[in-house]
Amino acid sequence: MKKNKIILFALLVAFVGIQLIPTTRNQHKIVPKTDFMVVNDVPNLIKKKIQTSCYDCHSNNTNYPWYNKIQPVAWFLEDHINEGKKELNFSEWETYSKRRKKGKLKSIINQIKEDKMPLTSYTLIHGDAKLTKKEKLAIIEWISKLKTNLN
Ligand code: HEC
């Protein structure tokens, strides 16, 4: 019993301790002119959904509710942001070549179709990022149209 208490106390100290380690925040004050939502005329509902479900890891602006600031959640998120932005950064959309844009749009459709994005590890905590069947279809349809119009 006593041992358990010591272990519990040590865990508590460690938990409090890791909160003090600084992490970099993925936040910028202005939305750049190259942002996907600035250069495309995106219907409001689709815009909101993509921003809520994808922008935390795929843009230069992550939303940080309290649970995103707590370690180790913040570390996992930071890792995902770095990896996610490498693959696709909505904030820098307009800097992509037409060919790259097309490839990314295709990839977005596939990721949503196959339920790979948003990551399950993320939607477990961020319930509002989950996509309903209807939302998935709406996003896929709109993204497909955008892709066709890029020709
Ligand atoms: C929690 C962070 C996170 C969220 C939220 C997220 N992604 Fe990702 N995404 C990643 C990471 C990390 C990768 C790179 C590694 C991988 O493919 O798993 C990635 C990769 C991708 C890729 C590239 C895949 C490829 O190989 O071509 C696309 C496209 C993508 N995400 C689209 C989306 C879309 C669309 C949403 C929203 C519906 C979304 N992501 C939400 C983290 C995230």
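Everything below is about the structure shown above.
Residues numbered from 1 in each chain as written. Predicted model: local features only at pLDDT ≥ 70, side-chain atom pairs only at ≥ 80, totals over all residues. Heavy atoms only, no water.

**Q** Looking at this structure, how should I read the site of the ligand?
**A** If you check the shell around the ligand, you find 16 residues, and the closest are Cys-54, Cys-57, His-58, Ser-107 and Met-117. A distance of 2.8 Å separates a nitrogen atom of the ligand from a polar side-chain atom of His-58. Within the contact set of the ligand, an oxygen atom lies 2.6 Å away from a side-chain nitrogen or oxygen of Ser-107. Listed by contribution, the elements that provide at least two residues to the shell around the ligand are helix H4 (55-58), helix H6 (73-87) and helix H7 (98-113). At four residues, the largest contribution of residues to the shell around the ligand is made by H6. When grouped by side-chain class, the residues that make up the shell around the ligand number eight nonpolar, six polar and two charged. (Near = heavy atom within 4 Å. Polar contact = N/O pair within 3.5 Å; in protein donor to acceptor, adjacent residues only side chain to side chain. Helix = DSSP H or I, 4+ residues; strand = E, 2+ residues; numbered from the N terminus. Nonpolar A, V, L, I, M, F, W, Y, C, P; charged D, E, K, R; others polar.)

**Q** Help me understand the coordination of the iron atom of the ligand, please; the structure alone is not making it clear to me.
**A** Each angle at a metal carrying four tetrahedral donors should ideally be 109.5 degrees, and each at a metal carrying six octahedral donors should ideally be 90 or 180 degrees. Ligation of the iron atom of the ligand by protein atoms is provided by His-58 (NE2) and Met-117 (SD), these donors lying 2.0 to 2.3 Å from the ion. Coordination at the iron atom of the ligand is octahedral: its six donor atoms span angles of 83 to 177° at the metal. You can see His-58 sitting in helix H4 and its partner Met-117 sitting in the loop between H7 and helix H8 (120-123), a full 59 residues away along the chain. (Donors = N, O, S within 2.8 Å, 3.2 Å for Na, K, Ca; no water. Tetrahedral: all angles 85-135°; square planar, octahedral: opposite > 155°, others 65-115°.)

**Q** I keep staring at the pattern of salt bridges and nothing clicks. Help me out?
**A** Under the definition given, this model contains five salt bridges. A salt bridge links Lys-101 to Glu-94; the nearest nitrogen and oxygen atoms lie 3.2 Å apart. Given the relative accessible area of 38%, Glu-94 is considered partly exposed. In this structure, Glu-114 engages Lys-116 in a salt bridge whose closest nitrogen and oxygen atoms are separated by 2.9 Å. (Salt bridge = Lys/Arg side-chain N within 4 Å of Asp/Glu carboxyl O. Buried < 20%, exposed > 50% of the residue type's maximum accessible area, 1.4 Å probe, protein only.)

**Q** Could you clarify how one ought to interpret the environment of Arg-100 in this entry?
**A** Position of Arg-100 relative to the elements: it lies in helix H7. On the basis of relative accessible area, Arg-100 is assigned to the partly exposed category, the value being 36%. Dropping the residues within four chain positions of it, Arg-100 is found in contact with Lys-86 and Glu-87. (Contact = heavy atoms within 4.5 Å.)

**Q** Teacher, can you tell me more about the side chain of Asn-26 here?
**A** In this fold, Asn-26 is placed in the loop between helix H1 (2-19) and helix H2 (36-39). For Asn-26, a relative accessible area of 8% translates into the label buried. Setting aside residues up to four positions removed in sequence, Asn-26 forms contacts with Asp-56, Ser-59, Asn-60, Asn-61, Thr-62, Tyr-64, Ile-81 and Lys-85.

**Q** Help me understand the environment of Gly-103, please; the structure alone is not making it clear to me.
**A** Here Gly-103 lies in helix H7. Owing to a relative accessible area of 39%, Gly-103 belongs among the partly exposed residues under this scheme. Distance in space between the C-alpha atoms of Gly-103 and Lys-147 is 9.1 Å, their sequence separation being 44 residues.

**Q** Whenever I open this one, the nonpolar core confuses me. Can you help?
**A** When a protein is soluble and globular, its nonpolar side chains tend to lie buried together. Core analysis: the biggest nonpolar cluster contains 21 residues, and Phe-36, Ile-50, Phe-90, Leu-105, Ile-139, Trp-142 and Ile-143 have the highest contact counts within it. Of all the secondary structure elements, the ones that give two or more residues to this core are H2, helix H3 (44-53), H7 and helix H9 (133-149). A total of five residues in this core trace back to one element, the largest contributor, which is H9. Ignoring any residue separated from it by four or fewer positions in sequence, one finds Leu-105 in contact with Phe-36, Trp-93, Ile-143, Leu-146, Lys-147 and Leu-150. (Core = buried A, V, L, I, M, F, W, Y, C linked by side-chain atoms within 4.5 Å.)

**Q** How should the packing of aromatic side chains be read in this particular structure?
**A** The relation between two aromatic rings is expressed through the spacing of the ring centres and the mutual angle of the planes. On inspection of all chains with the given rule, the structure shows six aromatic pairs. An angle of 80° between the planes, with centres 5.0 Å apart, marks the rings of Phe-36 and Trp-93 as edge-to-face. Taken together, the residues Phe-36 in helix H2 and Trp-93 in the loop between H6 and H7 connect sequence positions 57 residues apart. Here Phe-36 falls in the buried class, since its relative accessible area comes to 0%. Residue classification places Trp-93 among the buried residues on the basis of a relative accessible area of 2%. Feature note: the residues Phe-36, Tyr-55, Phe-90, Trp-93, Tyr-96 and Trp-142 constitute an aromatic cluster, connected by ring pairs. One residue, Arg-25, lies across the ring of Tyr-64, its end atom 5.1 Å from the ring centre. The ring of Tyr-96 has Arg-100 lying over it, and the distance from NZ or CZ to the ring centre is 4.1 Å. (Phe/Tyr/Trp six-rings, centres within 6.5 Å; stacked < 30°, edge-to-face > 60°. Lys NZ or Arg CZ within 6 Å of the ring centre and 35° of its normal.)

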